[in-house]
Structures are given as C-alpha cells and as structure tokens.
Amino acid sequence: MASAHGRLGQHVLAVLDVVLRVPSIFIIDAIFSSYSDPGTGWTGTAGRALIRALGILVSSVVLVLSQKSLFKFYTLFAAVLLGAASVLINYYSTSHIDFYSAYNRAALGFGLLPRSGATLWLGLALLQLLLGLGYVALLNVQSFCAALLVLDIMAPLWGLMMELPPQVRQALALSSGAILAAHAAINLLWKLKWFYYSCRYVYLLLRHMYRIYGLQLLLEDTWKRIRFPDILRVFWLTRMTAQAVILVYVVRVVRSESGLQLGWDLFWDLTSNLIISGCDSMLTVLGMSAVISSLAHYLGLSILAFIGSTEEEDKRLGFVAPVLFFILALQTGLSGLDPEERLIRLSRNMCLLLTAILHFIHGMTDPVLMSLSASHVSSVRRHVPVLLVSLVLFALPVLLSYVLWHHYVLNTWLFAVTAFCVELCLKVLVSLTVYALFMIDGFYNVLWEKLDDYVYYVRSTGNIVEFVFGVIMFGNGAYTMMFESGSKIRACMMCLHAYFNIYLQAKNGWKTFINRRTAVKKINSLPEVKGAPLREIEDVCAICYQEFAASARITPCHHYFHALCLRKWLYIQDTCPMCHQHVYIEDDGHERAAFSNNNGYAAPGQERAEFEGEEGGADVGGAAGGAEPENELLEDNDSIEYDEEEWGTQPGVTLVEEEYINEDTDSN
C-alpha cells in the first residue's frame, strides 16, 4: 500500500511539474505572436523589444528550472497574487459607497454576495481572512508577524463597518496595501539570494555537463528532465480547448440572435478554424507535432502487438512521424501562410505524412513476414495478421491515389504523393512475392537451390524500382524548389535525399551485386562431387545439416558443402565455415582437389598421398596409415587447431582418452 501511495505521489508530482511549466510556453507564444506598431518611434520600439526580451528570458528560465525550484517559484508567485488580490478587494470596497450594487454589476448580474449589509461585511471579512492566511502560509511567516499581517489586511473592513468618512477609509486601505506591498518586496529581495545561488548552481552544473558530455547530451538531458514533449502536448490541447469553447460560445450567441441553423457546413467551418489556429506559430506547430508523436507511438505499438513483433527498433514511429511533420512544416513555411492557404498546405502535408507512416509500417511488417515464411511457421494464426496488414498497406495507397486524382489536378505535390503510393504498392508486392517463394520452399520440404536466386532477382527488381523513384522524386523536388517555393530547408532536405536515398542506395546495391558475382565465381571455381563418390561419403552439409542430394562443392581445405549454402556464407565472409581458411583455388587446384569429407576420411578409390604437404600442415595420409592421433584432430568437424606441444603436455591424457575425444568430435 505504501508503494502504491508512493507511485501515486510521484505521478501527481510529475503532472504538476508539467502543468506548472505550460504557462511559460503560453507567455513565449504570446510574445512571439504579438504585433508591434512601428509608428511609435525608436524609443517605444526599443522599450517594447526590451520588455519582450525580458519576458522571453524569464519564461525560459522558469521553463528549465528544477522541480524543487519550480515549486518554490510558484509558491512565491501565488503568495504575491493572494496579497495583490486582498489589496485590490480592500481598495475597491472602500472606493464605492454602494459596494454591493457595484459588485453585482461587475459580476455580470450574478448575485454572488448576500444582500444584507452585515452578512456582506462578514463574507468579505471571511474572504480577506482566507487570503491573509494563505499569504502568510505560502511565505512561511512567523506567528507574531503573521498575526500583524492578517490584522493589516482586515483593517480596511473595520473602517467600512464603523462607517468612517470616505477619505479615512481610502487612506486606511492605501496604508494597508503599502504595508503588505513592503512586506512582499522585502521577502522577494530576501529570496534574491536564494535565486542567485540557484541560478549559479544551475549554470555550474550545465557548464560541467557541457564540458564532459557535450551540447547534444546536455540538450537531450534537459529535454527529458523537463518532459518537453508533454509540455507541448498540454499547451496545444489547452489552447485548442480554449479556442473551441470560445467558438462554441460565439456560435450560441449568433444563433440566439439571428436564428442560425446548425449543419455540417457550420461544423466544418468551426473545425477548419480550429485547425488553422492550431498551427499559426512555431510553438503551436511543435505542439501539433507532439500530439502526432503520441498518436503515431500508440499506432505503432498497436500494429506491433497485432502482428506479434517484439523488435525494439520498430517502436520508433512515435519519433519519425513528428520529425517528418515538423520538417514539412518548416519546408513549406506553414505557420506564416494565410489561413486558407495554411489549411490547404496542412492537408497536403498530412497526405505526405500518411504515406511516410505507411512506408514505416511496411518496414515493421516485412521482417515479421520474412521470419514467418523462412522459419516455416505452420500456425495460420501467426500468418493472418501480418498478411492482413500487408493487404491494407496495398489497398490504402491505391484508395488515397484514387481519391486525390478525382479531386485535384496534377501538380508537383500530387505527383509526389502518387509516386510514394506506387512505390509502397511495389514494395508490398515484393515482400508478398518473397513470402510466397519461402512458403513454397517450406511446403515441398526439399532443397530448392534456385530459391536464393529467385529471391535476389525479386528484391533487386524492387530495389531498382525504388532507386528510380528516388531519382524521380529528386527531380520533382528540384522543380518545386526552382519554380514554386524554394527555401534553404528544402535545399538541405534535397541534399539529404540525394545522399541517403540515391547515392548510398546505389552504392550498397552495386556492392551487393559485386559480392554476389564474386561469390558465384568462387563457387564455380571449386571442384564439384556428383554421383557415386558423393553417395559414398555418407555425411551432411556442415551449414544446413542436410544430406547431399545432387552435388557438393569442395573447398581448398577439403571441406564440402552445398553450393547454395556456401554461396550464402561467402556473401558474409571469404573464409571456410569449418576451419576459417580463405577460400581460394591455386592454378592446378582442379587437378589436385581432394574428395575428403568433413570428418577427414577419404572417399573410396581416391589417393590420399597427393595431399601431403598441403597448406595447413594436415597429414591426411597418416590418418589412414596409422599416424599419431593428434593429426586426426586437425580434420575434425570443428577444425580446431591444437598446439602439439601444449596437447602433449596436458596431464593425465592417454591414448585411450584421445581416441574417445576423436570419436566424440566426429560424431558431432
């Protein structure tokens, strides 16, 4: 129970930590969005600029304060607000003879206070008493001084109750306010020492972290410490909620006055206005990006749970989606556009973002699809979710392209969206084709030597098409930058696109092609065993542990494998899987190739003496003619090379134990 209360307290503190930082974002956004009149002269302009800079500085400092300092700051701020409220109530009540009627008019006709005079003064006294107690409690004032401050706050009400002259009542209210203001100023000046040491501590801490970890880690630590994405989400949602309430109130007023009928057109207008106002500044764009991050994050988790994937790298959708949205907003200048044009540009950016999210989801489902097919998982329940997601990924781009082509004319944006949709459909088809090939291979349960070639051809075709689309999109972006809306951010994004999606993709594809061609050449240069000699070996491939049905390839180190298995291995490294010697062939390698199995025994009818003196020091002929047992270990299934002197000096090792070890390793 204690731990549950502790976790609840931590959650409450976390919520308060986020909520108390949100007003700083509102102030910064209001300062950046405020209009400055240039016709007031340079002094007025300089004064406003100074006030704006001071407001941004103070708000930024409050935004990055530690949790303890943030709570202390708001404690002082709340105390000052309570003191100011009590002073204003005293001044307002002593400045009006008919206080109740004035208050009633100021409160929009709502009778919040009792109507009788004695009860009115008693209610005001209770309110001032609560304000005074809150003030002294927040500032942690000593008991005697606290009593004096409460009496000072209550003094103007006594003047009202005793019906003193108006001048006396006003003087009493002014003196009470001056005493309270002086006390608050003294407390704030006393807190300046704490503020100075807190700022100095934060500065030293930041400087120390910058020197040790660098600027990037410092920014990441601050980002996580203050929970900046959560702050942006609360800021954006609060702002949108307030604007929605205002719009609904305005619609109700207009409807009551003019009889306006509610309909889908009015609802669409209200929604459009909310969306337009939700991205009218850089901070609101960041807030919308944070909300998109949450939606994309939970969407990615739902898809991962649906398809049964546990890869941690696939959970990055909540990071990729907001970054893409923010880059598109910067690239198109979203916050600086006119309202109608902003709505159109936002809808276009959302279409591009949707296609990017679909591409990322395909990257999440493709490994699961390949894993299920290559592992020959027989459970239909495991296959259906992944296939269903793949079909949705194929159908959604087709539907999106159909709708857009029926409502818009061809332009660079529509061309880009269509290209992304076609590319996604082709990638899904490639994945489903490879999946079908693997499933066919698992259904027949025999070695399909051409499977690797077919998979390579299908994937290579998909990669070539993707490369062509990358070049086309680069040309489309260049045309947009030169003739429609050029910007530095767009130019930077085009450079990144050219490097990552064109240059690196072409380089990796060419490297894969060269490696594959080299592996095929090496495989073709190795001697091949077929027919009766292959059947008399009576062993399996050391890579796939399957029997040799048609043929086998012999390496220079006298190990043999399936040609397909060895070729896959040579894609990764140019060494024998058994003994890790380099796979190469001498000029007379075909004449001197040995038909030795993976355990070191010769095939029937083959001379073993011709291999004496081969590289590696293995006296294979000695194994058949009574050589020492140590040499047999050089041709065992694991091909472990032992030092002869070290092996001979092992205590307690006899010939019987050595023969047992040889038999054990051979059986493996």
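Residues numbered from 1 in each chain as written. Predicted model: local features only at pLDDT ≥ 70, side-chain atom pairs only at ≥ 80, totals over all residues. Heavy atoms only, no water.

- The chain appears in an unreviewed UniProt entry as E3 ubiquitin-protein ligase RNF139 from Sinocyclocheilus rhinocerous.
- The chain has a UniProt comment under Subcellular location (unreviewed entry) that states "Endoplasmic reticulum membrane". (UniProt positions renumbered as here; feature names shortened; annotations may be inferred.)

1. Quick notes on a nonpolar patch on the surface
For step 1, the next point in the chain: A surface patch of nonpolar side chains, about 630 Å² in accessible area, is lined by Phe306, Leu388, Val392, Leu396, Leu399, Tyr402 and Val403.
For step 2, the next point in the chain: Per-element accounting of the nonpolar patch gives the leading share, 6 residues, to helix α15 (residues 380-407).
For step 3, the next point in the chain: Along the chain, tyrosine 402 turns up in helix α15. (Patch = residues over 30% accessible without salt bridge, like charges linked within 9 Å, V, L, I, M, F, W, Y side chains within 5 Å. Areas by Shrake-Rupley, 256 points an atom, 1.4 Å probe, with all protein chains shown as cover. Salt bridge = Lys/Arg side-chain N within 4 Å of Asp/Glu carboxyl O. Helix = DSSP H or I, 4+ residues; strand = E, 2+ residues; numbered from the N terminus.)

2. Considerations on the packing of aromatic side chains
For step 1, the next point in the chain: Evaluation of the coordinates by the stated rule reveals 11 aromatic pairs.
For step 2, the next point in the chain: Taken together, a centroid distance of 4.8 Å and an interplanar angle of 75 degrees make the contact between phenylalanine 26 and phenylalanine 235 edge-to-face. Residue phenylalanine 26 is found in helix α2 (residues 22-33), and its partner phenylalanine 235 is found in helix α10 (residues 228-258); the two are separated by 209 residues along the sequence.
For step 3, the next point in the chain: On the basis of relative accessible area, phenylalanine 235 is assigned to the buried category, the value being 0%.
For step 4, the next point in the chain: Ring geometry for tryptophan 510 against phenylalanine 513: centres 5.5 Å apart, planes inclined by 35 degrees, an arrangement best described as tilted. Separated by 3 residues within a single helix, tryptophan 510 and phenylalanine 513 lie in helix α18 (residues 488-525), roughly one turn from each other.
For step 5, the next point in the chain: Look at phenylalanine 513 and you get partly exposed, because its relative accessible area is 33%.
For step 6, the next point in the chain: Grouping aromatic residues by their ring pairs yields a cluster made of Phe73, Tyr74 and Phe77. (Phe/Tyr/Trp six-rings, centres within 6.5 Å; stacked < 30°, edge-to-face > 60°. Buried < 20%, exposed > 50% of the residue type's maximum accessible area, 1.4 Å probe, protein only.)

3. A closer look at unusual backbone geometry
For step 1, the next point in the chain: With a phi angle near 55 degrees, asparagine 140 is a residue other than glycine that sits in the positive phi range.
For step 2, the next point in the chain: Mapping asparagine 140 onto the fold places it in the loop between α6 (117-138) and α7 (143-161).
For step 3, the next point in the chain: In this structure, histidine 558 takes a positive phi of about 70 degrees despite not being glycine.
For step 4, the next point in the chain: Mapped onto the elements, histidine 558 comes out in the loop between β2 (551-554) and β3 (560-561).
For step 5, the next point in the chain: By relative accessible area, which is 8% here, histidine 558 ends up buried.

4. Some words on the layout of surface pockets
For step 1, the next point in the chain: Of the pockets and cavities examined, the second largest pocket occupies roughly 720 Å³.
For step 2, the next point in the chain: At the level of elements, α9 (215-225), α10, α12 (282-307) and α13 (317-332) are the ones that each hand at least two residues to the lining of the second largest pocket.
For step 3, the next point in the chain: Considering every element that reaches the lining of the second largest pocket, the biggest residue donor is α12, with 7 residues.
For step 4, the next point in the chain: Of the residues contributing to the lining of the second largest pocket, the split by class is 10 nonpolar, 5 polar and 4 charged. (1 Å grid on protein atoms, 1.4 Å probe; cavity = no way out; pocket = protein on both sides within 12 Å on 5 of 7 lines; lining within 4 Å. Points joined across faces, edges and corners; volume = space filled by probe spheres on them. Nonpolar A, V, L, I, M, F, W, Y, C, P; charged D, E, K, R; others polar.)

5. As for the pairing of β2
For step 1, the next point in the chain: Residues of β2 alternate between two faces, with Ser551 and Arg553 on one and Ala552 and Ile554 on the opposite face, all of them buried.
For step 2, the next point in the chain: Pairing of strand β1 (residues 528-530) with β2 involves 3 bridges; the strand directions are antiparallel. Looking at β2, one finds that glutamate 528 is bridged to arginine 553.
For step 3, the next point in the chain: Sheet analysis places β2 next to β3, joined by 2 bridges and oriented antiparallel. Residue pairing for β3: arginine 553 is matched across the bridge by phenylalanine 561.
For step 4, the next point in the chain: In sequence, β2 turns back onto β3 through a hairpin of 5 residues, with histidine 558 there showing a positive phi of about 70 degrees. (Pairing = 2+ DSSP bridges.)

6. Details of the sheet that holds β3
For step 1, the next point in the chain: Pairing within the open sheet is antiparallel, and its 3 strands lie in the order β1-β2-β3. Edge positions in the sheet fall to β1 and β3, since each of these pairs with one other strand and no more.

7. Comments concerning the UniProt feature "domain: RING-type" (unreviewed entry) in the chain
For step 1, the next point in the chain: When the UniProt feature table is mapped to this numbering, "domain: RING-type" (unreviewed entry) covers residues 541-580.
For step 2, the next point in the chain: Across residues 541-580, helical content stands at 25% and strand content at 15%; the span's end C-alpha atoms are separated by 16 Å.

8. Quick notes on helix α14 (residues 339-374)
For step 1, the next point in the chain: Spanning 36 residues, α14 covers 52 Å between terminal C-alpha atoms, matching the ideal 52 Å at 1.5 Å per step.
For step 2, the next point in the chain: With its phi angle positive at about 55 degrees, histidine 376 sits one or two positions after the end of α14. (Expected span 1.5 Å × (residues − 1).)

9. Regarding the nonpolar core
For step 1, the next point in the chain: Formed by 40 residues in total, the largest nonpolar core has its most connected members in Met288 and Phe325.
For step 2, the next point in the chain: Contributing elements (two or more residues each) for this core: α10, α12, α13, α14, α15, α16 (412-444) and α17 (451-483).
For step 3, the next point in the chain: With 11 residues, α14 is the single largest residue contributor to this core.
For step 4, the next point in the chain: Setting aside residues no more than four positions away along its own chain, phenylalanine 325 makes contact with Val285, Met288, Ser289, Ile292, Leu346, Met350 and Leu353.
For step 5, the next point in the chain: Ranked by size, the runner-up nonpolar core spans 21 residues in total, among them Ile523, Val529, Leu566 and Cys576. (Core = buried A, V, L, I, M, F, W, Y, C linked by side-chain atoms within 4.5 Å. Contact = heavy atoms within 4.5 Å.)

10. Section: α2
For step 1, the next point in the chain: Its 12 residues place the ends of α2 17 Å apart at the C-alpha level, agreeing with the 16 Å of an ideal helix rising 1.5 Å per residue.
For step 2, the next point in the chain: The complete set of buried residues in α2 reads Val22, Ser24, Ile25, Ile28, Asp29 and Ile31.

11. Quick look at the pattern of salt bridges
Proximity of charged atoms lets side chains of opposite charge pair with each other.
For step 1, the next point in the chain: Within the structure shown, the criterion is met by 8 salt bridges.
For step 2, the next point in the chain: Salt-bridge contacts for arginine 227 lead to aspartate 17; the nearest nitrogen and oxygen are separated by 3.3 Å. Remark: aspartate 17 occurs in helix α1 (residues 2-19) and arginine 227 occurs in the loop between α9 and α10; sequence separation between them is 210 residues.
For step 3, the next point in the chain: A relative accessible area of 1% means that aspartate 17 is categorised as buried.
For step 4, the next point in the chain: Beyond isolated ion pairs, a larger network of salt bridges with shared partners links Asp17, Arg21 and Arg227.

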